[in-house]
Amino acid sequence: MSEIEKKQDLSAVEYTDISIGNENAKPFLTQLKGFWVTFAMMFRKVNTVQYPEVKEPTAARFHGRHQLNRHPDGLEKCIGCELCAWACPADAILVEGGHNTDELRYSPGERFGAVYQINYLRCIFCGLCIEACPTRALTMTNEYELADNDRAKLIFEKSDLMAPLQPGMIEAPHPYYPGTDDQDYYHGKVKSSHPSQQNNGQVK
Amino acid sequence: MGIEEKLPSGFLLTSVEKLAGYMRKNSLWPATFGLACCAIEMMAAGAGRYDLARFGMEVFRASPRQADLMIVAGRVSNKMAPVLRQIYDQMAEPKWVIAMGACASSGGMFNNYAIVQGVDHVVPVDIYLPGCPPRPEMLMDAILKLHEQIGNEKLGINREMIVREVEAAALAALPTHQMKGLLA
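Residues numbered from 1 in each chain as written. Chains lettered and ligands numbered in written order. Predicted model: local features only at pLDDT ≥ 70, side-chain atom pairs only at ≥ 80, totals over all residues. Heavy atoms only, no water.

- Checking UniProt for chain B, the heading Sequence similarities (unreviewed entry) contains the comment "Belongs to the complex I 20 kDa subunit family." (UniProt positions renumbered as here; feature names shortened; annotations may be inferred.)

Pasting the structure below:
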């Protein structure tokens, strides 16, 4: 038998005996120690979060769905400057500005966001739009359940993104709080709405 | 399944539909189609903390013949697109697709020549899931929404009628190049 044939002959291969009778095997107790780790895991607290029933709160500053905020009297904070759209690396935001008039006022100052769309199919939730926003009109909520079955449904319009009305707020458009101008809004002097602002300033 | 396609319409169909829907939605087997970072979140969803096994779908099948849900997790390059389509074609009916993450749904921030701008250019998508990457809860939310869809799926003649309606609606819909705003 040549050297090569000897190597190929499987019967000549010496197997290391791994059975219990093996002198080199670990002692029984040492083996048991290994199994014990597995066994003890059964009594640990279960790590699984029962998601649809139990919803663990996200981190406080988790980047979720956007929100367009309001001033304390309900006027919109967005001034339609498009800085968020310019900052967006994915081109997910579309803004078209509109002019405020004294009869139809949506936000303090000259301009407001007439069209505001965020395409959640493109959005990467990086938060650059929030950093770019000069009036803190755009912020992010912790809401993350956004999946849907249609592309068009995932383009959120302004009405989907607007913050809900808090107590003391009146839906825009309506005139300024009596005796204030846009500067007072930014200095935080307007704390709540005034009855004269209801129904867009028209007395019923 | 097959047998339900041959049943006469109206005969037992609603109960069969309900039963089939219940069974289908609770035994979805996803094909592994992790392409990028979303795959990490998909794996996390399969692991102990989020545990997809609770919905009867912990086995990520490497073989498309044993899978009926394709979770496209990550960006699809033009070179990957035919592969993706082939995997989809190899999967047995009925089959569903989740476009996981911004890149699979629409191309995301990679609006360039190399990336397919949404897997719906290649395969029909049932659920779009935004996020970059979506957290495991978001994936599970998408899966549960898909479950709901599957549970209410029609069979036989009803299904054919729905397919025809959907096709008619698609033909009547506004073409993409005429759309305004972000849909364009």
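1. Here we look at a nonpolar patch on the surface
All names here are of chain A.
- Among the surface-exposed residues, F28, L29, L32 and F35 lie close enough to one another that they form a single nonpolar patch of about 500 Å² accessible area.
- Along the chain, F35 turns up in helix α2 (residues 28-40).
- On the accessibility criterion, F35 (58% relative accessible area) is exposed. (Patch = residues over 30% accessible without salt bridge, like charges linked within 9 Å, V, L, I, M, F, W, Y side chains within 5 Å. Areas by Shrake-Rupley, 256 points an atom, 1.4 Å probe, with all protein chains shown as cover. Salt bridge = Lys/Arg side-chain N within 4 Å of Asp/Glu carboxyl O. Helix = DSSP H or I, 4+ residues; strand = E, 2+ residues; numbered from the N terminus. Buried < 20%, exposed > 50% of the residue type's maximum accessible area, 1.4 Å probe, protein only.)

2. Concerning the packing of aromatic side chains
All names here are of chain A.
- Under the definition given, this model contains seven aromatic pairs over all chains.
- Their ring planes at 40° and their centres at 5.5 Å tell us that W36 and F39 sit as a pair that is tilted. Of the two residues, W36 and F39 are both situated in helix α2; the distance of three residues between them amounts to about one turn of the helix.
- Taking relative accessible area as the criterion, W36 reaches 55% and is therefore assigned exposed.
- Residues Y120 and F156 carry aromatic rings whose centres are separated by 4.7 Å and whose planes lie at 70° to one another, so their mutual orientation is edge-to-face. Separated by 36 residues along the polypeptide, Y120 in the loop between β3 (111-119) and α4 (128-132) and F156 in strand β5 (residues 155-156) bring together distant segments of the chain.
- Here the basic side chain of R105 rests over the ring of Y176, its NZ or CZ set 4.2 Å away from the ring centre.
- Here the guanidinium or amino end of K158 rests over the ring plane of Y106, the centre of that ring lying 5.6 Å away. (Phe/Tyr/Trp six-rings, centres within 6.5 Å; stacked < 30°, edge-to-face > 60°. Lys NZ or Arg CZ within 6 Å of the ring centre and 35° of its normal.)

3. Describing the interface of chain A and chain B
- With 35 residues of chain A in contact, the opposing surface of chain B contributes 36 residues.
- Approximately 2,900 Å² of surface area, both sides summed, lies buried where chain A meets chain B, with 60% of it carried by carbon and sulfur atoms.
- Remark: the boundary between chain A and chain B carries two salt bridges.
- Salt-bridge contacts for R151 of chain A lead to D120 of chain B; the nearest nitrogen and oxygen are separated by 2.7 Å.
- Taken together, chain A and chain B are joined by 13 residue pairs in polar contact (both at pLDDT 80 or more).
- Residue assignment for the side of chain A that touches chain B shows that the elements contributing at least two residues are β2 (93-99) and β3 of chain A. (Contact = heavy atoms within 4.5 Å. Buried area = accessible area lost by both parts, 1.4 Å probe. Polar contact = N/O pair within 3.5 Å; in protein donor to acceptor, adjacent residues only side chain to side chain.)

4. What to know about unusual backbone geometry
- Here E93 of chain B and P94 of chain B are connected by a cis peptide whose omega angle stands at -10°.
- Following the sequence through the fold, P94 of chain B ends up in the loop between α4 (81-90) and β3 (96-100).
- A cis amide bond links C132 of chain B to the next residue, P133 of chain B, at an omega of -15°.
- Positionally, P133 of chain B belongs in the loop between β4 (127-129) and α6 (136-151).
- For E82 of chain A, which is not a glycine, the phi torsion comes out positive at approximately 70°.
- One can find E82 of chain A in the loop between β1 (66-68) and α3 (83-87).
- Phi is positive for D51 of chain B, which is not a glycine, with a value near 55°.
- With respect to the helices, strands and loops of the structure, D51 of chain B is situated in the loop between α3 (38-46) and β2 (69-73).

5. A closer look at the state of the cysteines
Residues and elements named next belong to chain A.
- Summed over all chains, the structure comprises zero disulfides over all chains.
- Among the cysteines around C81, which has no disulfide bond, C84 carries the closest sulfur, lying 6.1 Å off.
- Take C81: its relative accessible area is 35%, and that puts it in the partly exposed class.
- No disulfide involves C133; its sulfur sits 6.2 Å from that of C81, the nearest cysteine. (Disulfide = S-S within 2.5 Å.)

6. Examining the sheet that holds β3 of chain B
Residue and element names in this part refer to chain B.
- Read from one edge to the other, the open sheet built from four strands follows the order β1-β2-β3-β4, with strand pairing classed as parallel. Every other strand in the sheet has two partners, leaving β1 (30-31) and β4 as the edge strands with one partner each.
- Pairing analysis gives three bridges linking β3 to β4, with the strands arranged parallel. Within β4, the position partnered with I98 by the bridge is I127.
- Set on the sheet, α3 makes contact with β2 and β3; between it and β2 the angle comes to about 135°. (Pairing = 2+ DSSP bridges. Axes fitted to C-alpha atoms, helices over the stretch in contact; angles between N-to-C directions.)

7. With respect to the sheet that holds β3 of chain A
All names here are of chain A.
- Here three strands make up an open sheet; going across it, the order is β2-β3-β5 and the pairing antiparallel. Since the sheet does not close on itself, it has two edges, and those belong to β2 and β5, each with one partner.
- Relative to β3, β2 is paired through seven bridges, and the arrangement is antiparallel. Considered in β3, the bridge of E96 is made with V115.

8. Side note on the side chain of Q197 of chain A
Residue and element names in this part refer to chain A.
- With respect to the element layout, Q197 can be found in the segment after α6 (182-186).
- A polar contact is formed between the side chain of Q197 and the backbone oxygen of Y176, at a distance of 3.4 Å.
- With residues up to four places along the chain from it excluded, the contact list for Q197 reads D73, I170, H174, P175, Y176, Y177 and Y185.

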